[in-house]
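Architecture and fold: a report
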Amino acid sequence: MSLVSGLLSHTLGRVLWLSGLHSGYHAQGSPAMEQDRALEVYDIIRTIRDPEKPNTLEELEVVTESCVEVHEIGEDEYLVIIRFTPTVPHCSLATLIGLCLRIKLQRCLPFKHKLEIYISEGAHSTEEDINKQINDKERVAAAMENPNLREIVEQCVTEPD
C-alpha cells in the first residue's frame, strides 16, 4: 500500500509539474538529480555485509545499482525505494538484511527522505510478510532494542577498516 502511495505521490507531482500547476516540483535536472541520489544510496548499501557470509551484499548480488530508485517528492525530499534479492527463496535472514539496509540508510543518507524497502517480487517465499516487517517503524524499533540483534546489525553495517 505504501508503495502505491509513494508512486501516486510521485506521479501526481510529475503531472502537476508538466501541467505547470506546481512550481515546487523542480524540472532542472530532476531525472539526473534522482539518478545521482540513487547512486549515492547504492554506494551506502553496497558495502553492507551479509549476516552469515564474509561477503558484501553487492558481492552476493543481493543489491545492485538497478535495485535502487529515487524519486523527488518535494523540495529537497526524496522517496527512496530499495528492492533487494535474497540469495535463495527461503533465506532465513532476509528480514535481517532488510533491517540492515534500513538502519544504514537512516544513519547515512545526507538528504531528507522517505524510505521503502522490499524484497524483489517473487524472490522469497514469504516476501509479503517480510516487506511488512521491514517497513513497520514499531517493529524496526523493537528489533533494534534487542541487544543481540543490534550487535549483528552493527557488525553488518559497520564499514571495514
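Residues numbered from 1 in each chain as written. Predicted model: local features only at pLDDT ≥ 70, side-chain atom pairs only at ≥ 80, totals over all residues. Heavy atoms only, no water.

- Named according to an unreviewed UniProt entry, the chain is Cytosolic iron-sulfur assembly component 2A originating from Chelonoidis abingdonii.
- What UniProt states about the chain under its Sequence similarities (unreviewed entry) heading is, verbatim, "Belongs to the MIP18 family." (UniProt positions renumbered as here; feature names shortened; annotations may be inferred.)

Some details on the nonpolar core
- Grouped together as the largest cluster of nonpolar side chains are 40 residues, with contacts concentrated most on V41, I45, V68, I82, F84 and L101.
- If you list the elements that add at least two residues to this core, you get α2 (30–45), β1 (68–74), β2 (77–84), α3 (94–108), β3 (112–119), α4 (127–134), α5 (137–145) and α6 (147–157).
- When residues in this core are grouped by element, the largest group, eight residues, is from α3.
- Not counting residues up to four positions away in its chain, the partners in contact with F84 are V62, V63, A94, I97, G98, L101, I117, Y118, I119, S120 and I134. (Core = buried A, V, L, I, M, F, W, Y, C linked by side-chain atoms within 4.5 Å. Buried < 20%, exposed > 50% of the residue type's maximum accessible area, 1.4 Å probe, protein only. Helix = DSSP H or I, 4+ residues; strand = E, 2+ residues; numbered from the N terminus. Contact = heavy atoms within 4.5 Å.)

Let's talk about the pairing of β1
- Counted residue by residue, β1 has five buried out of seven residues, so it is predominantly covered.
- What sits between β1 and β2 in their antiparallel hairpin is a turn of two residues, with D76 showing a positive phi close to 55°. (Pairing = 2+ DSSP bridges.)

Comments concerning the pattern of salt bridges
- Taken as a whole and assessed by the stated rule, the structure comprises eight salt bridges.
- One salt bridge connects R83 with E69, and the closest N-O pair in it is separated by 2.5 Å. Of this pair, R83 sits in strand β2 while E69 sits in strand β1, and the two are 14 residues apart along the sequence.
- The class for R83 is partly exposed, based on a relative accessible area of 24%.
- Residues D136 and R139 are paired through a salt bridge, measuring 3.9 Å at the closest nitrogen-oxygen approach.
- Judged by relative accessible area, which is 24%, D136 ranks as partly exposed.
- What makes R139 partly exposed here is its relative accessible area of 45%.
- Several salt bridges converge on common partners, so that one network encompasses D43, R46 and E58. (Salt bridge = Lys/Arg side-chain N within 4 Å of Asp/Glu carboxyl O.)

Points about the sheet that holds β3
- Ordered by their spatial adjacency, three strands build an open sheet running β1-β2-β3, and the pairing between neighbours is mixed. The open sheet terminates on both sides in strands that have one partner only, identified here as β1 and β3. In this sheet, neighbouring strand axes are inclined to one another by 20° on average, regardless of whether the strands run parallel or antiparallel.
- As judged from the six bridges shared by β1 and β2, these two strands associate in the antiparallel manner. (Axes fitted to C-alpha atoms, helices over the stretch in contact; angles between N-to-C directions.)

Details of the layout of surface pockets
- Counted as a void, the second largest pocket has a volume near 220 Å³.
- For the second largest pocket, the lining is made up of 11 residues, of which R102, K114, L115, N135 and K137 are closest to its centre.
- The set of elements that each furnish at least two residues to the lining of the second largest pocket consists of α3, β3 and α5.
- Each residue belonging to the lining of the second largest pocket can be placed in one class, and the counts come to two nonpolar, four polar and five charged. (1 Å grid on protein atoms, 1.4 Å probe; cavity = no way out; pocket = protein on both sides within 12 Å on 5 of 7 lines; lining within 4 Å. Points joined across faces, edges and corners; volume = space filled by probe spheres on them. Nonpolar A, V, L, I, M, F, W, Y, C, P; charged D, E, K, R; others polar.)

Remarks on the packing of α3 against α4
- At a closest axis distance of 10 Å, the pairing of α3 and α4 adopts a crossing angle of 30°. Overall, the two elements α3 and α4 adopt an arrangement that is roughly parallel. The way α3 lies across α4 gives a crossing that is right-handed. Side by side, α3 and α4 meet where A94, T95, G98, L99 and R102 of the first sit next to I130, Q133 and I134 of the second.
- Here the residues of the contact of α3 with α4 sort into four nonpolar, three polar and one charged. (Parallel < 35°, antiparallel > 145°, perpendicular 65-115°, else oblique. Left-handed = near helix turned anticlockwise from the far one by under 90°.)

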